Structures are given as C-alpha cells and as structure tokens.
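Geometric and topological summary
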Amino acid sequence: MSIVYITGGATGIGAATVRKFASSGDDVAVFDINGDAVEQLSSEVDSGSVTLFETDVRNRASVRESIASAASDLGPPTTLFVNAGVQKLQGIFEMEDDDIDLIIDVNLKGTLYTVAEAAALMRDAGKGGTIVLMASDQALVGKEGSIVYGATKAGVAQMAKSLSVALSPHGIRVNAVCPATVKTPLTEHVFKWLADKHFDGDVEAAWAAEADLLPIGRVADPPEIAEVVYFLSQPSSSFMTGALVPVDGGLTAQ
Ligand SMILES: NC(=O)c1ccc[n+]([C@@H]2O[C@H](COP(=O)([O-])OP(=O)(O)OC[C@H]3O[C@@H](n4cnc5c(N)ncnc54)[C@H](O)[C@@H]3O)[C@@H](O)[C@H]2O)c1
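These lines cover the structure that appears in this document, whether it is placed above or below. (Residues numbered from 1 in each chain as written. Predicted model: local features only at pLDDT ≥ 70, side-chain atom pairs only at ≥ 80, totals over all residues.)

**Remarks on the sheet that holds strand β7 (residues 244-247)**
- Spatially, seven strands are ordered β3-β2-β1-β4-β5-β6-β7 in an open sheet, and the strand pairing comes out parallel. Both outer strands of the open sheet, β3 (49-54) and β7, are each paired with one neighbouring strand and no more. For this sheet, the mean inter-axis angle between neighbouring strands, taken without regard to orientation, is 20°.
- Two elements, strand β1 (residues 3-7) and strand β4 (residues 79-82), share four bridges in a ladder whose sense is parallel. Looking at β4, one finds that Ile6 is bridged to Phe81.
- Sheet strands in contact with helix α2 (residues 35-44) are β2 (27-32) and β3, and its direction is about 170° off that of β3.
- Its contacts with the sheet place helix α3 (residues 60-74) against β1, β2 and β3, and it is angled at close to 150° to β3. (Pairing = 2+ DSSP bridges. Helix = DSSP H or I, 4+ residues; strand = E, 2+ residues; numbered from the N terminus. Axes fitted to C-alpha atoms, helices over the stretch in contact; angles between N-to-C directions. Contact = placed C-beta atoms within 7 Å.)

Here it is as structure tokens:
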C-alpha cells in the first residue's frame, strides 16, 4: 500500500488517476480547489482511501499547509502526481494579462511549489519515492492559440529533467507524461473555442478534426493516461527518471 499525493484530482485525468490508485488499495490525498467533486469521488471508491485537502496550488502557503496536513494525517508521500493545470486558448494578439498570469501561476509555479513541499517530505522520510509531472504534447509540438499554455508545459517538462538530476541522490525518480488530447472538462472549453473559430460553432466537427490528426484516429480517455502515470510510480519503471513520456496516439511520431 502506498501513500499517493495528487494535485488536480477532482476531475478529468486527475480523477481517473485517483480511482486507479485507490482501487489498487492506496491511500490518496487529493489537493484541489474543487472540493465538492473530490468529496463525490471519495464516496464512489470502495477500496483504498481518498482524502481531500482543499488547496489552491497558485498560493505557496496554501500548498505548504495542505501538504503538512496530509503528512500529519496520512504520512509522507511515496508517490506524487503533480497534475493540476488550466488551459485557455488565446491568439497572440488577443492575450489578456490575467489569463497569462493564471496559466503560469497554476501550471508552472503550482508545480514547483508542490514538488518543493512534497519532495522535502520524501527526502526526510529517507525511503525514496516517485514523482510524475503532468506536461503535455505541447512540451513537444506547437498549437495555435495555445502559446502560454505550451510554454508552461515545456517548462514542466524541463523541470522533470532538472528535478530527476537533483532528486536522484535521495532515491526519488521524476518523470513527466506528455498526453495528446484527452476528453475532459478542460478540453470541453478548448473545443468550444476551436469550433467557434474554425467550424461555425460545430463542436463535434472540431473533435472529429482533432481525431484525424492522430495516427491512432481518436482522442484519449482519462484512464489511458492514468495507467501510464501508475506505471511510472511503480517499481516496474525503476530505471526510468528524467523521461518525457508521450501518451499521444502517435501524434509526435509523425
Ligand atoms: N485534457 C487534455 O487533452 C490534456 C492533455 C495534456 C495535458 N493535460 C493536462 O492534464 C492536467 C489535467 O487536466 P484535465 O484535462 O484532466 O482537466 P480538468 O480541468 O478536468 O482537471 C484540472 C484539475 O486541476 C484543478 N485545478 C485547477 N486550478 C487549480 C488550482 N489553482 N489549485 C488546485 N487545483 C486546481 C481542477 O479543479 C481540476 O481538478 C492539466 O495539467 C492539463 O494541462 C490535459
């Protein structure tokens, strides 16, 4: 049984990952601003445990306090999945300062704050551990309207590499997943924007066009990403650290 800390575990990929770990019997601490969705998730799982620690990852004090509470209630983490993220599409000529700040604060600073607090607990416990960061296919390819988001995800990918070097002496492995498009609440907004811009508001046509871009011919479901996160957290991936793992239906193989 492991103690698993997951940020952004309320919905989408994070929720699928919470279900995966809990169904394997693990104790999962979820750090999210969406407490209601986590409570709902917690009532659904019938093995392991799911505990909410309401947290805004943009705020270092909030991250520090929540992680200290989780450590006191459950113990230090053996696995950390840093998944909380936001996306807002904007063209280069329409970017709003507030949106730029939000995306950088959640995706980049939030990742840094979370790793700094949780990795210190792993180091002090002296038993090593695994960290998985949520990057994106946008660590590897560019996309229209996704300039700030792409920059933050490339930053997260680079962070995985530097962290793997910094934390290896403590027996802590750090890898990042780079998924292509997954059907989640986050992409509902994205595809509304794309539909309005290119498909006369036809959201289904926008999704179909996205599926056509992937050699595998479809977008992903959240559990398909959760399985890879789970693998990267287990001893079966023991020689992997500093890796950027595409989970992208072949998008970046082209
Ligand atoms: N859906 C995709 O196509 C896709 C592809 C690649 C990467 N990603 C990344 O996967 C991660 C999860 O996204 P998702 O698609 O499951 O969307 P989602 O919106 O369902 O999940 C995002 C989660 O982050 C939480 N969150 C947002 N702001 C927060 C904050 N300030 N503090 C704490 N929690 C906060 C949300 O409440 C939610 O639980 C994100 O980092 C996203 O960038 C998504």
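**Brief notes about helix α6 (residues 185-198)**
- A rise of 1.5 Å per residue sets the reference length of α6, with its 14 residues, at 20 Å; its end C-alpha atoms lie 20 Å apart and thus fit the reference within 8%.
- Of all the residues in α6, the buried ones are Val190, Phe191 and Leu194. What you see down the axis of α6 is that its buried residues fit within an arc of 95°, all on one side. Of the exposed residues in α6, those oriented more than 90 degrees away from the buried face are Pro185 and Glu188.
- One or two steps after α6, the chain reaches Asp200, where phi turns positive at roughly 50°. (Expected span 1.5 Å × (residues − 1). Buried ≥ 20, exposed ≤ 12 C-beta atoms within 10 Å, placed from the backbone. Arc of directions from axis to C-beta.)

**Looking at the pairing of strand β5 (residues 129-134)**
- For β5, the buried fraction is high: six of the six residues fall into the buried class.
- Both faces of β5 are covered, namely the face carrying Gly129, Ile131 and Leu133 and the face carrying Thr130, Val132 and Met134.
- Here β4 pairs with β5 via four bridges, running parallel. Directly across from Leu80, in β5, lies its bridge partner Ile131.
- Viewed along the sheet, the connection from β4 through helix α4 (residues 97-125) into β5 turns out right-handed.
- Since β5 and strand β6 (residues 172-179) lie parallel, the crossover through helix α5 (residues 147-167) that links them has a hand, and here it is right-handed. (Right-handed = clockwise from strand over helix to strand, strands pointing away.)

**Remarks on unusual backbone geometry**
- Phi at Asp200 takes a positive value of approximately 50°, unusual for a residue other than glycine.
- By secondary structure assignment, the location of Asp200 is in the loop between α6 and α7 (203-213).
- Classification of Asp200 as exposed rests on a count of 8 C-beta atoms within 10 Å.

**Some details on the nonpolar core**
- One finds Val18, Val28, Val30, Ile131 and Leu133 to be the most contacted residues of the largest nonpolar core, which totals 69 residues.
- With residues up to four places along the chain from it excluded, the contact list for Val18 reads Ile6, Gly9, Val28, Val30, Leu41 and Val50. (Core = buried A, V, L, I, M, F, W, Y, C linked by C-beta atoms within 7 Å.)

**Here's the deal with the packing of α4 against α5**
- As a packed pair, α4 and α5 sit with axes 9 Å apart at the nearest point and diverge in direction by 15°. Comparing their axes, α5 and α4 come out roughly parallel. α4 and α5 meet at a crossing whose hand is right-handed. For the pair formed by α4 and α5, the contact residues are Ile100, Ile103, Ile104, Asn107, Leu108, Thr111, Leu112, Val115 and Ala119 on the first element and Val148, Tyr149, Thr152, Lys153, Gly155, Val156, Met159, Leu163 and Leu167 on the second.
- Here the residues of the contact of α4 with α5 are counted per class, giving 13 nonpolar, four polar and one charged. (Parallel < 35°, antiparallel > 145°, perpendicular 65-115°, else oblique. Left-handed = near helix turned anticlockwise from the far one by under 90°. Nonpolar A, V, L, I, M, F, W, Y, C, P; charged D, E, K, R; others polar.)

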